[in-house]
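Tertiary structure, described
Take a look at the letters that make up each chain.
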Amino acid sequence: MKPLSPRYQLQFSEPEGYLDFARFGPPSHAVLDTTARLLEKATHAGPATVDELMREETRAKAAAARLCRSDIDHIVLLPNTSLGLMQAAFNAPVGSTVLVSEAEFPANTYPWARAEQAGRLTVRQLPGGFVTADRVAEALTDDISMVSVSAVDFRTGYRADLAALRDVIGDRLLVVDAIQGFGVIEEPWEVADILVVGGQKWLRSGWGTGFAMLSDRMADQMDPILSGWTGARDPGLFDNEIHPADYTAAAWSISNLSPVTSGAFAAGLELAEEAGVGEIGAQIEMRVNALEDALLSSGAEIVSARRRRAGILAFTVPEHTAEQVGAALTAGGIAATIRPEHVRLSPHATTSLEVVDRLRAALGSLATPSRVEVTTPASPAGAVTHELLASFIPAVHGLAAMLGPGNEVLLHDFSRLPDSIAAIAGDLTHRTVGGPMTDLLLGLIRRGTTQDLINYRTNNPDGRPIRSSTVFLRDADGVAIGCLCVNSELSESVSEVPPDRAESFPPDVDSLQRFLVDRAITKVGIEPAQMKKQHKAAVVRELDEAGFFLIRDSVDHVAGQLDVTRYTIYNYLNEVRADTTAPGA
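The model shown is predicted, which means the values in this text are computed figures rather than measured ones.

For the rest of this paragraph, the subject is the overall build of the protein. Secondary structure assignment for the protein yields 18 helices and 16 strands. Computed over its C-alpha atoms, the radius of gyration of the protein comes to 26 Å, within 12% of the 25 Å expected for a compact globule of 585 residues. Each of the 585 residues in the protein was classed as buried or not, and the buried ones make up 52%. Residue pairs at least 24 apart in sequence account for 67% of intrachain contacts in the protein once pairs closer than 6 positions are excluded. Of the roughly 25200 Å² of accessible surface on the protein, 52% is carried by carbon and sulfur atoms.

Below, the structure is given as structure tokens:
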């Protein structure tokens, strides 16, 4: 394995324990210096300053083109991947039908859904799991004209076989979201008709950087609706006319990217080009393998892809929640992504190998399993199982008295799900002690998204607008064991304003169950009597994501609604959860 150049290694100074490049890559000194230099130039602007700064766009486009074996006429700079995928959806030929995995990162699902809502195209979903050539071939129908896929899956690190997908889909358009791999894995990027890349992760170029590459076939077929004045054929001609979009990738331009950002992006791209993508990728692979050995020797289980993988390594630790593991890693100085179902590590080529020992030590600190499990059977109403929560009960009533009429304060105890209301003062949502949490909160608990929600607007049960805040309470291990919620009535004058978050406030568990099941069936769009297996599995998937199965006797309840046995529901659950994690591949 060829070593990285010393110049490349000296460009970075992230902490030893930083293992979160799949979320954000700390930029290089070259990016920082370029940004400072261009800002300094802008500070002392003269007659030629703007023209000189704007040349940074061509520099960045040229570097991107070299890395994906293209040319600048096929490249357009973008501030992020999400905008590129939105343009892919709205600039696609009208009447297209696109196939996209339901398990994609939302940046690659929302654009297609929004374009479908606008009547521009039709979406076909590929069930969750690895997007392989065989699965795509099986799902293809004559009306499908586009396939959208991530080059690297954000959950599992699985590397899609782009060449095989190209062969399978033939002359259909291939859209590739390459943010989790471009610049660190070698792929035939030129097989994509639309390649969208963000620079803030593995390219380490900072936020606000990215580009799209368009093939000639896409340029010939596109209907550039999301195109601005800089995307016109004559962007410098101001004659009070609307000019046609350009023939090249420039048609996707809405406005000029910041020249400072363009220069920083160029620096990041050139640094990767100079070091060599293959060399960078080999160094990452070595670190992923070393981290995997440390995880396995510590009793962890690998749940990410183990072949055709990039720089993402996801794992679980038996008898410990992901949140507990994340707390141990944080205490050990390790930065990682903590998801409800697993912990994700993602090293880069400059990651110190000393982090392996740091990882072992952090996992070794996990001596005892979590004391609070969300699946624990509920205690009798009014019983509080944790000393910390008990200390908050007087605060509930004191805070409500201080806030006065039109306000409600309540305390949830997660050990008693779903009858989690341990204390409540006020009658804004008409609930009582022993009542259930809202559908919004239940879904957050299921997904492990226990981050405080402050000052969001929703509606109470009778439709009146209220302002809400939720603060999560944690035990000594950093695990969320409850939360304190405050709801405040708003004036009727804002009742026409759409709420920030839709939320249901059921008075009892039966009402909560009925609401969640009805919502899942409505979302699938087919009555239970007409449902086939895939429809019923889709209902179970929706319910699982909503936290429905944290409720006692929930399996029996939904089995009755779908007219199947409880064992069938368990099979559906196993299938949908296996699709999400895809272990051992």
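Right, let's get into unusual backbone geometry. It is generally the case that most residues other than glycine have a negative phi and that most peptide bonds are trans. The backbone of asparagine 240 shows a phi angle near 65 degrees, a positive value even though the residue is not glycine. Position of asparagine 240 relative to the elements: it lies in the loop between helix H8 (216-221) and helix H9 (259-275). Not every positive phi belongs to a glycine, and histidine 430 is a case in point at roughly 60 degrees.

It is worth spelling out the sheet that holds strand S1 (residues 75-77) at this point. Here we have seven strands laid out as an open sheet, ordered S1-S7-S6-S5-S4-S2-S3, and mixed in their pairing. Both edges of this open sheet fall to S1 and strand S3 (121-126), since each of them pairs with a single strand only. Across the sheet, the axes of successive neighbouring strands diverge by a mean angle of 20 degrees, strand direction being ignored. In terms of strand pairing, S1 meets strand S7 (residues 210-214) through three bridges, oriented antiparallel. By the bridge assignment, valine 76 is partnered in S7 with alanine 212. Helix H3 (residues 49-67) contacts S1 and S7 of the sheet and is inclined by roughly 130 degrees relative to S1.

Our focus in this paragraph is the packing of helix H15 (residues 509-524) against helix H16 (residues 533-545). To describe two helices that pack against each other, one gives the angle between their axes and the distance between the axes. Running from amino to carboxyl end, H15 crosses H16 at an angle of 130 degrees, the nearest separation of the two axes being 9 Å. By the criterion of interaxial angle, the relationship of H15 to H16 is oblique. The two elements H15 and H16 meet at a crossing, and its hand is right-handed. Across the interface between the two elements, Leu516, Val517, Ala520, Ile521, Lys523 and Val524 of H15 pack against His535, Ala538, Val539, Glu542 and Leu543 of H16.

A few words now on the UniProt feature "domain: Aminotransferase class V" (unreviewed entry) in the protein. On the UniProt side, "domain: Aminotransferase class V" (unreviewed entry) is annotated at positions that read residues 60-338 here. Here residues 60-338 is 34% helix and 15% strand, with 33 Å between the C-alpha atoms at its ends.

Turning next to the sheet that holds strand S16 (residues 480-489). Taken in spatial order, the five strands line up as S13-S12-S16-S15-S14 in an open sheet, and their pairing is antiparallel. Among the strands making up the open sheet, the edge pair consists of strand S13 (421-425) and strand S14 (453-459). Each strand of the sheet is rotated relative to its neighbour by a mean of 20 degrees, with strand direction disregarded. In terms of strand pairing, strand S12 (residues 407-413) meets S16 through seven bridges, oriented antiparallel. Along S16, the bridge assignment pairs asparagine 407 with serine 488.

Moving on to the packing of aromatic side chains. Inspection of every chain in the model, using the stated rule, returns twelve aromatic pairs. Arranged with centres 4.2 Å apart and planes meeting at 10 degrees, the rings of phenylalanine 130 and tyrosine 158 form a pair that is stacked. Taken together, the positions of phenylalanine 130 in the loop between S3 and helix H6 (133-139) and tyrosine 158 in the loop between strand S4 (146-150) and helix H7 (162-169) put the pair 28 residues apart, joining distant regions of the chain. Among the aromatic residues, those joined into a ring-pair cluster are Phe182, Trp189, Phe211 and Phe265. The ring of phenylalanine 105 carries lysine 201 above its face, with NZ or CZ at 5.8 Å from the centroid. Here arginine 204 stacks its cationic end above the ring of phenylalanine 12, 3.7 Å away from the centre of that ring.

Looking now at H15. One full turn of an α-helix is made of 3.6 residues, so residues set three or four places apart face in the same direction. For H15, which comprises 16 residues, the first-to-last C-alpha distance of 23 Å matches the rise-based estimate of 22 Å (1.5 Å per residue) to within 8%. For H15, the complete set of buried residues consists of Val509, Ser511, Leu512, Gln513, Leu516, Val517, Ala520 and Ile521. Buried positions along H15 lie against helix H14 (439-447), H16 and helix H17 (554-562). Where H15 begins, one side-chain oxygen reaches toward the backbone nitrogen of aspartate 510, 3.3 Å away; that side chain belongs to aspartate 508. Within two residues after H15, glycine 525 carries a phi angle of roughly 85 degrees, on the positive side.

Below, the discussion takes up the pairing of S14. Two faces belong to every sheet, and in a regular strand the side chains alternate between them. Pairing between S14 and strand S15 (residues 465-474): five bridges, direction antiparallel. By the bridge assignment, asparagine 459 is partnered in S15 with proline 465. Counting the residues in the hairpin turn of S14 and S15 gives five residues, including glycine 463, whose phi is positive at 90 degrees.

Within the structure shown, the criterion is met by 25 salt bridges. Ionic pairing is found between arginine 59 and glutamate 56, a salt bridge with its closest N-O pair at 2.9 Å. Residue arginine 59 and its partner glutamate 56 are both found in helix H3; the two are separated by three residues, about one turn of the helix. Taking the relative accessible area as the measure of exposure, arginine 59 reaches 25% and is therefore partly exposed. Notably, a salt bridge pairs glutamate 270 with arginine 59, separated by 2.9 Å at the nearest N-O pair. Of the two residues, glutamate 270 sits in helix H9 while arginine 59 sits in helix H3, which places them 211 residues apart along the sequence.

Here we come to the nonpolar core. Counting 82 residues, the largest nonpolar core has Phe182, Leu195, Phe211, Phe315 and Leu329 as its most contacted members. A total of seven residues in this core trace back to one element, the largest contributor, which is helix H10 (residues 277-297). Taken together, domain 1 (6-20 + 278-367) and domain 2 (29-235 + 243-275) each give at least three residues to this core, which thus spans both. In this view, phenylalanine 211 contacts Ala64, Cys68, Ile75, Val76, Leu77, Leu78, Phe182, Leu195, Val196, Val197 and Phe265; residues no more than four positions away in its chain are not counted. Ranked by size, the runner-up nonpolar core spans 37 residues in total, among them Ala480, Val517, Val540 and Tyr572.

Our next topic: the state of the cysteines. Tallied over the entire structure, the rule returns zero disulfides. Cysteine 483 forms no disulfide, and the closest cysteine sulfur to it belongs to cysteine 485, at a distance of 3.8 Å. Taking relative accessible area as the criterion, cysteine 483 reaches 0% and is therefore assigned buried.

What counts and what doesn't
Residues numbered from 1 in each chain as written. Predicted model: local features only at pLDDT ≥ 70, side-chain atom pairs only at ≥ 80, totals over all residues. Heavy atoms only, no water. Helix = DSSP H or I, 4+ residues; strand = E, 2+ residues; numbered from the N terminus. Rg over C-alpha atoms; globule rule 2.2 N^0.38 Å. Buried < 20%, exposed > 50% of the residue type's maximum accessible area, 1.4 Å probe, protein only. Contact = heavy atoms within 4.5 Å. Areas by Shrake-Rupley, 256 points an atom, 1.4 Å probe, with all protein chains shown as cover. Pairing = 2+ DSSP bridges. Axes fitted to C-alpha atoms, helices over the stretch in contact; angles between N-to-C directions. Parallel < 35°, antiparallel > 145°, perpendicular 65-115°, else oblique. Left-handed = near helix turned anticlockwise from the far one by under 90°. UniProt positions renumbered as here; feature names shortened; annotations may be inferred. Phe/Tyr/Trp six-rings, centres within 6.5 Å; stacked < 30°, edge-to-face > 60°. Lys NZ or Arg CZ within 6 Å of the ring centre and 35° of its normal. Expected span 1.5 Å × (residues − 1). Polar contact = N/O pair within 3.5 Å; in protein donor to acceptor, adjacent residues only side chain to side chain. Salt bridge = Lys/Arg side-chain N within 4 Å of Asp/Glu carboxyl O. Core = buried A, V, L, I, M, F, W, Y, C linked by side-chain atoms within 4.5 Å. Domains from an automatic or database assignment. Disulfide = S-S within 2.5 Å.

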